[in-house]
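Here is what each chain is made of, one letter per residue.
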Amino acid sequence: MKKLIIFAIFVLCGMASASAQKFALVDMDYVFKNIPAYERANEQLSQVSKKWQAEVDALTTEAQTMYKNYQNEVVFLSAEQKKARQDAIMEKEKQASELKRKYFGPEGELFKKRNALMSPIQDEVYNAIKDVADLRGYQLVLDRASDTGIIFGSPKIDISDEVLRKLGYAN
């Protein structure tokens, strides 16, 4: 709610100077869905993510199995055996946690792979949008697909197809 109020105040303040400015909208979801390289990169990321998740799940399942076996056998184990089993279970859980962090953490492999695959495409789209905006004299280009509070945008100011043409993906 605060964001909407702040956005409304920003829009109202900007309206005083907006009479001379030109605005445009672009639907980034639409643009990216029409770029085959972006779709291939998404599919590649999905496959890698599933593979890595399977590895993490396998370790987690192994730890759970070790724990269940421990619970079933705990009455027959000596104090040293109990300690050894508990340590082994905790080590397996730690391995699963570390692997999950390595693959899916904030600076993990998935993040790095997503950056490597997506950044060049996103940069290319950004440059195309900038070129179209410069060519047509737009001071502001908003993303229709994001959650910015745009309730209605005239199709006349939507430059999504023009951006795709600039990128070489005619529709």
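Residues numbered from 1 in each chain as written. Predicted model: local features only at pLDDT ≥ 70, side-chain atom pairs only at ≥ 80, totals over all residues. Heavy atoms only, no water.

(A) Quick peek at the pattern of salt bridges. For the coordinates displayed, the defined rule picks out six salt bridges. Linking Lys83 and Asp87 is a salt bridge whose minimum nitrogen-to-oxygen distance equals 3.2 Å. Of this pair, Lys83 and Asp87 both sit in helix α4 (residues 79-104), four residues apart, which is roughly one turn of the helix. The class for Lys83 is partly exposed, based on a relative accessible area of 48%. (Salt bridge = Lys/Arg side-chain N within 4 Å of Asp/Glu carboxyl O. Helix = DSSP H or I, 4+ residues; strand = E, 2+ residues; numbered from the N terminus. Buried < 20%, exposed > 50% of the residue type's maximum accessible area, 1.4 Å probe, protein only.)

(B) Region of the structure containing the environment of Arg114. Here Arg114 lies in helix α5 (residues 109-136). For Arg114, a relative accessible area of 41% puts it in the partly exposed group. Contact partners of Arg114, with chain neighbours within four places excluded, come to Leu45 and Ser119. (Contact = heavy atoms within 4.5 Å.)

(C) Just helix α3 (residues 36-73), in detail. When the terminal C-alpha atoms of α3 are compared, their 55 Å separation across 38 residues agrees well with the 56 Å that a helix rising 1.5 Å per residue should span. What α3 keeps buried is the set Tyr38, Ala41, Leu45, Val48, Trp52, Val56, Leu59, Ala63 and Tyr70. On the buried face of α3, the contacting elements are α2 (28-33), α4 and α5. (Expected span 1.5 Å × (residues − 1).)

(D) Main features of the packing of α3 against α4. In the contact formed by α3 and α4, the axes pass within 9 Å of each other and the chain directions differ by 165°. It follows from the interaxial angle that α3 and α4 lie roughly antiparallel. For α3 against α4, the interelement crossing comes out left-handed. Of the residues in the contact of α3 with α4, the class split is 13 nonpolar, six polar and eight charged. (Axes fitted to C-alpha atoms, helices over the stretch in contact; angles between N-to-C directions. Parallel < 35°, antiparallel > 145°, perpendicular 65-115°, else oblique. Left-handed = near helix turned anticlockwise from the far one by under 90°. Nonpolar A, V, L, I, M, F, W, Y, C, P; charged D, E, K, R; others polar.)

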